[in-house]
Amino acid sequence: MEKNPLEPTPLPPSVRANRVAIGSQVYNDIVEFMYDEAEYFDTLRLRDWIAMVAKDIEYTVPLRHTRATRDQDKSVVRTVQHMFDDYRSIMLRVMRVMDTRSAWGEDPPSRTKHMVSNIRVYRTDKDNEFKVHSYLLLTRNRFDKDTFDLIPCERHDVIRKTDEGYLLARREVIIDQAVLGTPNLGIFL
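- As annotated in an unreviewed UniProt entry, the protein chain carries the name 3-phenylpropionate/cinnamic acid dioxygenase subunit beta and comes from Massilia timonae CCUG 45783.
- Listed under Sequence similarities (unreviewed entry) in UniProt, the entry text for the protein chain is "Belongs to the bacterial ring-hydroxylating dioxygenase beta subunit family."

So, the sheet that holds strand 4 (residues 129–141)
- If you walk across this open sheet you meet the six strands as 2-1-6-5-4-3, and the pairing is mixed. Two strands close off the open sheet at either side, each with one partner strand: strand 2 (76–86) and strand 3 (111–123). Strand-to-strand twist across the sheet, computed as the mean angle between neighbouring axes with direction ignored, equals 25 degrees.
- Of the strand pairs in this sheet, strand 4 and strand 5 (residues 149–162) are connected by 12 bridges, and their pairing is antiparallel. What sits directly across from T139, in strand 5, is L150.
- Strands strand 3, strand 4, strand 5 and strand 6 (165–175) of the sheet are contacted by helix 2 (residues 25–42), whose axis makes an angle of about 160 degrees with strand 3.

Regarding the packing of aromatic side chains
- One pass over the structure, following the stated rule, counts four aromatic pairs.
- Geometrically, the ring pair formed by F41 and W49 is tilted, given 4.9 Å between the ring centres and 55 degrees between the ring planes.
- Residue classification places W49 among the buried positions, given a relative accessible area of 0%.
- Between F41 and F188, the aromatic rings sit 5.8 Å apart at their centres with planes inclined by 15 degrees, giving stacked as the arrangement. Here F41, found in helix 2, pairs with F188, found in the segment after strand 6; they are 147 residues apart in sequence, far enough to count as distant.
- Through successive ring pairs, a cluster of aromatic residues spans F41, W49, Y59 and F188.
- Above the plane of the ring of F188 lies R93, whose end atom (NZ or CZ) is 4.2 Å from the centre.
- Stacked on the ring of Y135, the Lys or Arg R120 has its end atom at 5.2 Å from the ring centre.

Some thoughts on a nonpolar patch on the surface
- There is a patch of nonpolar side chains on the surface, built from M115, L137, F148 and L150 and spanning about 360 Å² of accessible area.
- Take F148: it is sitting in the loop between strand 4 and strand 5.

A word on helix 2
- Here helix 2 is 18 residues long and its end C-alpha atoms lie 26 Å apart, about the 26 Å a rise of 1.5 Å per residue gives.
- In this structure, the buried side of helix 2 is in contact with helix 3 (46–50), strand 3, strand 4, strand 5 and strand 6.
- Count one or two residues on from helix 2 and you reach L44, which has phi positive near 60 degrees.

Things to note about the pattern of salt bridges
- Scanning the model with the defined rule gives 11 salt bridges in all.
- Linking R155 and E37 is a salt bridge whose minimum nitrogen-to-oxygen distance equals 3.8 Å. Of the two residues, R155 sits in strand 5 while E37 sits in helix 2, which places them 118 residues apart along the sequence. Take R155 and E37: they sit in the same class, and that class is buried.
- A salt bridge links R45 to D48, with the nearest nitrogen and oxygen atoms 2.8 Å apart.
- The exposure class of R45 is partly exposed, given its relative accessible area of 34%.
- Residue classification places D48 among the partly exposed positions, given a relative accessible area of 34%.
- One network of salt bridges, with partners in common, ties together E37, R155, D157 and R171.

About the thresholds
Residues numbered from 1 in each chain as written. Predicted model: local features only at pLDDT ≥ 70, side-chain atom pairs only at ≥ 80, totals over all residues. Heavy atoms only, no water. UniProt positions renumbered as here; feature names shortened; annotations may be inferred. Pairing = 2+ DSSP bridges. Helix = DSSP H or I, 4+ residues; strand = E, 2+ residues; numbered from the N terminus. Axes fitted to C-alpha atoms, helices over the stretch in contact; angles between N-to-C directions. Contact = heavy atoms within 4.5 Å. Phe/Tyr/Trp six-rings, centres within 6.5 Å; stacked < 30°, edge-to-face > 60°. Buried < 20%, exposed > 50% of the residue type's maximum accessible area, 1.4 Å probe, protein only. Lys NZ or Arg CZ within 6 Å of the ring centre and 35° of its normal. Patch = residues over 30% accessible without salt bridge, like charges linked within 9 Å, V, L, I, M, F, W, Y side chains within 5 Å. Areas by Shrake-Rupley, 256 points an atom, 1.4 Å probe, with all protein chains shown as cover. Salt bridge = Lys/Arg side-chain N within 4 Å of Asp/Glu carboxyl O. Expected span 1.5 Å × (residues − 1).

Below you can see the structure in the form of structure tokens.
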């Protein structure tokens, strides 16, 4: 018997088993972490954000290509990146933005709103690390223009619990757009 293509596919048992329950303490802590991070970005408190970042972070934004339905698994190209940062390069970017003499692309700074939603948290093989999938809708306005950029994304994070609190250890941002509708990515997603 042929499967109906409109019938929803249930989550595999392994995914359901590893999912952290909405409303649990861990889930609430991670959601609060993500909301604080968004506020730090939107209020230019980048030094506060750096305190939330692990020293071994990998922060990537791969390219997106438009592909046919049967080739959706090839729509994200990880060999070419909009951004590929580690802790050192993130620190350089933050220092550059905070010292606006050399960050002409962000002086005056963009006005942004990071709207994080659809947060799903999963346990990993490591007791202190969690996979976090979320959606991000970023609005960005520059100068005195009456227009703004919309950047919709999906984020795949690894958040690590430490004695000092939670830290962002990995982030991959998959931008929905194949052609960016913003002049530069001088901001964090």
